[in-house]
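# Observations on the model geometry
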Amino acid sequence: MFVVGGSASQLLSKELAKCLKAKLANVEVRRFPDDECYVRIDEDLDGEDVFLVQTTWPDKNIVELFLLQDAIRQFEISSLTTVAPYFGYARQDKQFKPGEPISARALARLIQMQTDEFITVDVHSPFVIDWFDNVSAKNVPAYPSIGKHLKGKGIELILSPDEGRVENAKRVADIVGCEADFLVKERINGETVEMTPKKLGVNGKKVAIVDDIISTGGTIAKAADQLRKQGAARISAVCTHGVFAKGGLDKLKAVCDEICSSDTIENPTTCISVAPEIARIAQD
Ligand code: R5P
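These figures come from a predicted structure and were not determined experimentally. (Residues numbered from 1 in each chain as written. Predicted model: local features only at pLDDT ≥ 70, side-chain atom pairs only at ≥ 80, totals over all residues. Heavy atoms only, no water.)

## Considering the packing of aromatic side chains
Rules: Aromatic pairing here means that ring centres of Phe, Tyr or Trp (its six-membered ring) are within 6.5 Å. Orientation follows from the plane angle: under 30 degrees is stacked, over 60 is edge-to-face, and everything else is tilted. Relative accessible area decides the class of each residue, using a 1.4 Å probe on protein chains only: under 20% of the type maximum gives buried, over 50% gives exposed, and in between gives partly exposed. In this text, helices come from DSSP runs of H or I with a minimum length of four residues, and strands from runs of E with a minimum of two, each type numbered from the N-terminal end.
Counted under the stated rule, the structure contains six aromatic pairs. On the basis of an interplanar angle of 85° and a centroid distance of 5.8 Å, the ring pair of Phe-32 and Tyr-38 is categorised as edge-to-face. Note on Tyr-38: relative accessible area 23%, which makes it partly exposed. Ring geometry for Phe-87 and Phe-132: centres 6.3 Å apart, planes at 75°, overall edge-to-face. Residue Phe-87 is found in the loop between β6 (79-84) and α3 (103-112), and its partner Phe-132 is found in the loop between α4 (127-131) and β8 (136-140); the two are separated by 45 residues along the sequence. Both residues of the pair, Phe-87 and Phe-132, count as buried.

## As for the state of the cysteines
Where we set the bar: Cysteine sulfur atoms that pair up within 2.5 Å are treated as a disulfide.
Counted under the stated rule, the structure contains one disulfide. The disulfide that involves Cys-260 links it to Cys-271, with 2.0 Å between the sulfurs. Between Cys-260 and Cys-271 the sulfur-sulfur dihedral comes to about -130°; the bridge is accordingly left-handed. Linking Cys-260 in strand β15 (residues 258-262) with Cys-271 in strand β16 (residues 270-272), this pair joins segments that are 11 residues apart in sequence. Of the cysteine sulfurs around Cys-19, a residue in no disulfide, the closest is that of Cys-271, at 16 Å. For the unlinked cysteine Cys-239, the closest cysteine sulfur is that of Cys-260, found at 7.8 Å. Look at Cys-239 and you get buried, because its relative accessible area is 0%.

## Let's talk about the site of the ligand
Going by this rule: A molecule or strand has a residue near it when one of that residue's heavy atoms lies within 4 Å. For the purposes of these results, a polar contact is taken to be a pair of N or O atoms within 3.5 Å, where, inside protein, one atom must be able to donate a hydrogen and its partner to accept one; residues adjacent in sequence count only when each atom of the pair is a side-chain atom. The accessible surface values rely on the Shrake-Rupley method and a 1.4 Å probe; as for residues, cover is taken only from the protein chains in view. All residues other than Ala, Val, Leu, Ile, Met, Phe, Trp, Tyr, Cys, Pro, Asp, Glu, Lys and Arg, Gly among them, are scored as polar; the first ten of these are nonpolar and the last four charged.
Taken together, 14 residues sit near the ligand, with Asp-211, Asp-212, Ser-215, Thr-216 and Thr-219 positioned nearest. Between Asp-211 and the ligand, the recorded distance is 2.5 Å, taken from a side-chain N or O atom to an oxygen atom. For the ligand, whose unbound accessible area comes to 380 Å², protein coverage reaches 91%. At four residues, the largest contribution of residues to the shell around the ligand is made by strand β13 (residues 206-214). Among the residues forming the shell around the ligand, the class breakdown is two nonpolar, six polar and six charged.

## What about the nonpolar core?
Stated formally: Among the buried residues, those of types Ala, Val, Leu, Ile, Met, Phe, Trp, Tyr and Cys that are joined through side-chain atoms within 4.5 Å form a nonpolar core. As used throughout, domain bounds are those supplied by an automatic or database domain assignment. We call two residues in contact whenever any of their non-hydrogen atoms come within 4.5 Å of each other.
Core analysis: the biggest nonpolar cluster contains 32 residues, and Ile-146, Leu-150, Ile-158 and Ile-278 have the highest contact counts within it. Sorting the residues of this core by element identifies α1 (10-20), β5 (49-53), β7 (117-121), α5 (143-150), α6 (166-176), β13 and α9 (275-282) as the ones contributing at least two each. In this structure, this core is formed jointly by two domains, domain 1 (2-141 + 275-283) and domain 2 (143-263), each of which donates at least three residues. For Ile-158, the contacting residues outside a window of four places in its chain are Leu-150, Ala-169, Val-172, Ala-173, Val-176, Cys-178, Glu-179, Ala-180, Asp-181, Ala-208 and Val-210. In terms of nonpolar packing, the next biggest core, distinct from the first, is built from 31 residues, Phe-2, Cys-37, Leu-107 and Val-135 among them.

## Observations regarding the sheet that holds β7
Under the convention used in this document: Two strands form a pair only when DSSP identifies at least two bridges running between them.
Taken in spatial order, the six strands make up an open sheet running β2-β1-β5-β6-β7-β8, and their pairing is parallel. Every other strand in the sheet has two partners, leaving β2 (23-24) and β8 as the edge strands with one partner each. Here strand β1 (residues 2-5) pairs with β2 via two bridges, running parallel. Residue pairing for β2: Val-3 is matched across the bridge by Leu-24.

## Looking at the domain arrangement of the protein chain
For clarity, the cut-off: Buried surface area refers to the total accessible area, computed with a probe of radius 1.4 Å, that the two partners give up upon joining, counted for both partners together. Should a side-chain nitrogen of Lys or Arg be within 4 Å of a carboxyl oxygen of Asp or Glu, the pair is scored as a salt bridge.
Taken domain by domain, the protein chain comprises domain 1 (2-141 + 275-283) and domain 2 (143-263). For domain 1 and domain 2, the distance between their C-alpha centres works out to 28 Å. Every contact between the two is made by 10 residues of domain 1 and, on the other side, 11 residues of domain 2. Interface area for domain 1 against domain 2, summed over the two sides, is near 1200 Å², with a carbon-plus-sulfur share of 55%. Looking at the side of domain 1 facing domain 2, the largest losses of area belong to Tyr-86, Asp-122 and His-124, adding up to 39% of the total buried there. Between domain 1 and domain 2 we count zero salt bridges in total. In this assembly, domain 1 and domain 2 are joined by five residue pairs in polar contact (both at pLDDT 80 or more). Across the side of domain 1 that touches domain 2, the residue classes break down as six nonpolar, one polar and three charged.

## A closer look at the packing of α5 against α6
A pair of packed helices is characterised by two quantities: the angle between their axes and the separation of those axes. The condition that has to hold: Only the stretch in contact is used when fitting a helix axis, every axis being a line fitted to C-alpha atoms; angles between N-to-C directions are given from 0 to 180 degrees. The scheme is simple: roughly parallel for angles under 35 degrees, roughly antiparallel for over 145, roughly perpendicular for 65 to 115, oblique for anything else. Crossing chirality is assigned from the near helix's rotation relative to the far helix, an anticlockwise turn below a right angle marking it left-handed and a clockwise turn marking it right-handed.
It is the contact of α5 with α6, at a shortest axis distance of 8 Å, that shows an interaxial angle of 40°. By the angle class used here, α5 and α6 are oblique. Every pair of crossing elements has a handedness; the one defined by α5 and α6 is right-handed. Where α5 abuts α6, its residues Tyr-143, Pro-144, Ile-146, Gly-147, Lys-148 and Leu-150 lie against Asn-168, Arg-171, Val-172, Ile-175 and Val-176. Per-class residue counts for the contact of α5 with α6 are seven nonpolar, two polar and two charged.

Written out as structure tokens, the structure reads:
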């Protein structure tokens with residue numbers, strides 16, 4: 001068994017190889033002078049079960065994924081499981097206006113053409129899994145890894161920034177052994193959110209805000225603002241996918257005591273690995 005790691009998912013590929021007791025493939029990825037991507041797998045994959053791990057964000061990593069799938073398919077492999085730990089475009093899961101694509105579906109259709117199985121993590125839209133209609137597709141929850149990371153750190157409340165994700169916050173809280181609550185959020189546009197003030201009883205408490213994605217950081221910043229005003233002693237922001245677009249990380253450093261994300265997107269805040277959860281689902 002081999003794990004082939006794309007350049008966007010090096011840390012996770014190494015961890016997954018350990019969890020699966022697989023070999024980590026030697027892969028060359030570089031750019032031509034015109035910035036087109038070159039990949040080469042320096043292994044013999046004939047007869048092997050192969051896991052290809054590559055986050056599909058930003059766009060250049062999508063092309064690299066397709067090239068790696070094609071390179072793997074040049075061997076007589078036993079099976080290919082494509083793991084896109086962060087599924088880019090998952091938030092564009094419907095036509096908001098006539099003339100638009102359903103971007104997440106377009107990506108799903110292309111990925112499934114060259115794989116036998118597909119795995120992603122905390123996918124933002126559940127529709128994504130259904131769009132893999134020719135191959136087995138699974139969505140791995142990150143909450144066990146997040147809960148394990150937060151356990152034993154004295155956290156007294158897990159907060160979901162919106163009601164839609166409160167069940168996930170409760171699952172994390174169950175592992176940590178504390179309460180969960182949620183805020184009431186309204187998205188005005190891609191970069192602006194409003195939050196209805198809500199009494200949370202956090203005076204002097206250590207609180208962790210848990211979300212699936214931090215993109216611009218606007219959601220967490222608004223939540224942290226409410227917590228501060230209500231006297232929270234320590235605020236941690238924890239997410240599965242740390243996108244941190246448009247200076248989002250600096251924005252959060254100013255309002256949170258700790259920022260932590262998983263290895264679905266590698267960035268300076270990555271401190272949780274979802275590899276054990278992916279390995280568990282892969283071996284089911
Ligand atoms: C929204 O439904 C998601 O769960 C996140 O809350 C959202 O994507 C975060 O975006 P931002 O960091 O830009 O507020």
